[in-house]
Amino acid sequence: MQPTSNVNAAGVVIDNVSKVFGRKRVLNSVDIAIEPQEFFTIIGPSGCGKTTLLRIISGFYQPDGGRIFYDRREVTNIPPWERQIGFVFQNYALWPNMTIFDNVAYGLRIRKKPASYIRDRVKWALGVVDLPGIEKHLPNQLSGGMQQRVAIARAIVIDPELLLLDEPLSNLDAKLRISLRKQIREIQSTLGITAVYVTHDQEEALEISDRIAVMDKGDLQQVGTPEEVYERPANHLVASFVGEANFVEGRVTPEGWFERPEAKLRVQLDEKILAKEVSAGETKMMIRPETIRVVEGDNCHVGGTITKRYYIGSLKRYVVRLADNSELVWETFDDRFSEGDQVKLRFTALCPISGEESNEGI
């Protein structure tokens, strides 16, 4: 399978889209622009509106306000079967009484393609998902992972300008999810399809996405690259949802120090942070557990006592109690520490943060 440039790949513009079910407002004036051939992922907690937004993009739902464009073509009121889209559902949605060939060929038959063309395209699509030669099988003869790959083959066989995936891996075991998400990304990249992918799995989103949109309660919280969303989250909610985080309340001095005196914590802030993101006064900082280092001597930002130690595979997770009885979570490959040890810690990255309180961190 050679890389291609898909001239049919559509960009998507979500223009001020809102949706209400009964008395519940599910989407609140969402604006997003997705580039052609981009792998764009929408994440957020259950009930945040991500699947509703995907179904509005596809045409399965109509928005109560706003518009949807594929490139410059408005498609808001066009039904999904009249759009050139492939949709991969969470539950595979294969017809159990139809062979794999017939399942994959369904969209092509609806489009009244010639039999020889259908035969060649089905063979091609099953080859793309590494399932050659299974055309005569029924879905119940395949594993869950194989069924989901058949669903992907059915979505791509029509040469869609847009591929939409609604939590396609959530029913699979962890090892298979990791393998299949890499395959989905490779297929999208190789075929040059625009993909919009919905998941609640933050690690999945960070690994395979060009950009990520984080949603909560119908509101768009942030759109950015995986690095931007993880390292420079827009607010407390994004920071706490995407990965582990410590939140430290303190104050910034006129001289550029971030301090929490009761915890005996003091950090000289980087010039970039001071120039763009904070001013003197009360503030909150996010510290990722993996950006904490143990040091010797006085070259530390804070000291404390290890109260808990967790084994999480190659990493070790430590909980460190500070002078004011608040705690930091620290992750490292270093396994030489035990509960009760005194440690001096230094932070390699801090990020000013805004938003609501959390029970995590200090």
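Residues numbered from 1 in each chain as written. Predicted model: local features only at pLDDT ≥ 70, side-chain atom pairs only at ≥ 80, totals over all residues. Heavy atoms only, no water.

Student: Which residues make up the overall build of the chain, and what are the values?
Tutor: In terms of helices and strands, the chain carries nine helices and 20 strands. Its C-alpha atoms give the chain principal-axis dimensions of roughly 75 × 45 × 40 Å. Sequence separation of at least 24 residues holds for 68% of the intrachain contacts in the chain that already meet a minimum separation of 6. Accessible surface, the chain as shown: approximately 17,500 Å² in total, 48% of it carbon and sulfur. The chain carries 45 positive and 50 negative side-chain charges, and their two centres are separated by 6 Å. (Helix = DSSP H or I, 4+ residues; strand = E, 2+ residues; numbered from the N terminus. Contact = heavy atoms within 4.5 Å. Areas by Shrake-Rupley, 256 points an atom, 1.4 Å probe, with all protein chains shown as cover. Lys, Arg positive; Asp, Glu negative; His and termini not counted. Charge placed at Lys NZ, Arg CZ, Asp CG, Glu CD.)

Student: Residues and numbers for the sheet that holds strand S5 (residues 73–74), please.
Tutor: In space, the four strands of this open sheet follow the order S2-S1-S4-S5, with antiparallel pairing throughout. Only two strands of the sheet have a single neighbouring strand rather than two, namely strand S2 (24–34) and S5. Bridge analysis of strand S4 (residues 65–70) against S5 gives two bridges, and the strand direction is antiparallel. Within S5, the position partnered with Tyr70 by the bridge is Arg73. Across the sheet, helix H1 (residues 50–58) touches strand S1 (12–21), S2 and S4, and the angle it forms with S1 is around 120°. (Pairing = 2+ DSSP bridges. Axes fitted to C-alpha atoms, helices over the stretch in contact; angles between N-to-C directions.)

Student: Can you explain the side chain of Thr52? Please cite residues and give values.
Tutor: The residue Thr52 is located in helix H1 in this model. In this structure Thr52 touches Lys19, Phe21, Val26, Leu27 and Tyr61, once residues within four positions along its chain are discounted.

Student: Mind laying out helix H3 (residues 115–128), listing which residues take part and the relevant values?
Tutor: Under the 1.5 Å per step criterion, the end-to-end length of H3 is 20 Å for 14 residues, consistent within 8% with the ideal 20 Å. Along H3, the residues that are buried comprise Ile118, Arg121, Val122, Ala125, Leu126 and Val128. Buried residues of H3, viewed axially, fall in a sector of 150°; they line one side. Next to the buried residues of H3 lie helix H2 (100–110), helix H4 (144–156) and helix H5 (174–191). Backbone geometry just downstream of H3 places Asp130 in the positive-phi region, at approximately 60°. (Expected span 1.5 Å × (residues − 1). Buried < 20%, exposed > 50% of the residue type's maximum accessible area, 1.4 Å probe, protein only. Arc of directions from axis to C-beta.)

Student: Tell me about a nonpolar patch on the surface, residues and numbers included.
Tutor: A grouping of Trp95, Tyr106 and Ile110 is seen on the molecular surface, where their side chains present a nonpolar patch of about 290 Å² in accessible area. Residue placement: Tyr106 occurs in helix H2. (Patch = residues over 30% accessible without salt bridge, like charges linked within 9 Å, V, L, I, M, F, W, Y side chains within 5 Å. Salt bridge = Lys/Arg side-chain N within 4 Å of Asp/Glu carboxyl O.)

Student: Explain the environment of Glu74 to me, using residue names and the numbers behind them.
Tutor: Position of Glu74 among the secondary structure elements: in strand S5. Among the residues examined, Glu74 registers a relative accessible area of 38% and is labelled partly exposed. Sequence-wise, Glu74 and Phe21 are 53 residues apart; in three dimensions their C-alpha atoms are separated by 23 Å. Not counting chain neighbours up to four residues away, the residues in contact with Glu74 comprise Arg67, Ile68 and Phe69. A polar atom in the side chain of Glu74 sits 3.0 Å from the side chain of Thr76. (Polar contact = N/O pair within 3.5 Å; in protein donor to acceptor, adjacent residues only side chain to side chain.)

Student: How would you summarise the sheet that holds strand S15 (residues 292–294) if you had to cite specific residues and measurements?
Tutor: Pairing within the open sheet is antiparallel, and its five strands lie in the order S15-S19-S16-S17-S18. The sheet is open, and its two borders are formed by S15 and strand S18 (327–332), each paired with just one other strand. On average, each strand axis in the sheet is inclined to that of its neighbour by 45°, with strand direction left out of account. Pairing geometry for strand S17 (residues 315–321) and S18, over six bridges, is antiparallel. Looking at S18, one finds that Lys316 is bridged to Thr332.

Student: How would you summarise the pattern of salt bridges if you had to cite specific residues and measurements?
Tutor: According to the stated counting rule, one finds 15 salt bridges in the structure shown. Salt-bridge contacts for Asp15 lead to Arg67; the nearest nitrogen and oxygen are separated by 3.1 Å. On the criterion of sequence distance, the pair formed by Asp15 in strand S1 and Arg67 in strand S4 is long-range, its members being 52 residues apart. Several salt bridges converge on common partners, so that one network encompasses Arg181, Glu203 and Glu207.

Student: Now, about the pairing of strand S6 (residues 85–88): what can you tell me, with residues and values included?
Tutor: The side-chain alternation of S6 yields two buried faces, one formed by Ile85 and Phe87 and the other by Gly86 and Val88. Direction of pairing for S6 relative to strand S7 (residues 162–166): parallel, over a ladder of four bridges. Counterpart to Phe87 in the pairing with S7 is Leu164.

What is shown is where atoms sit, not what they do.
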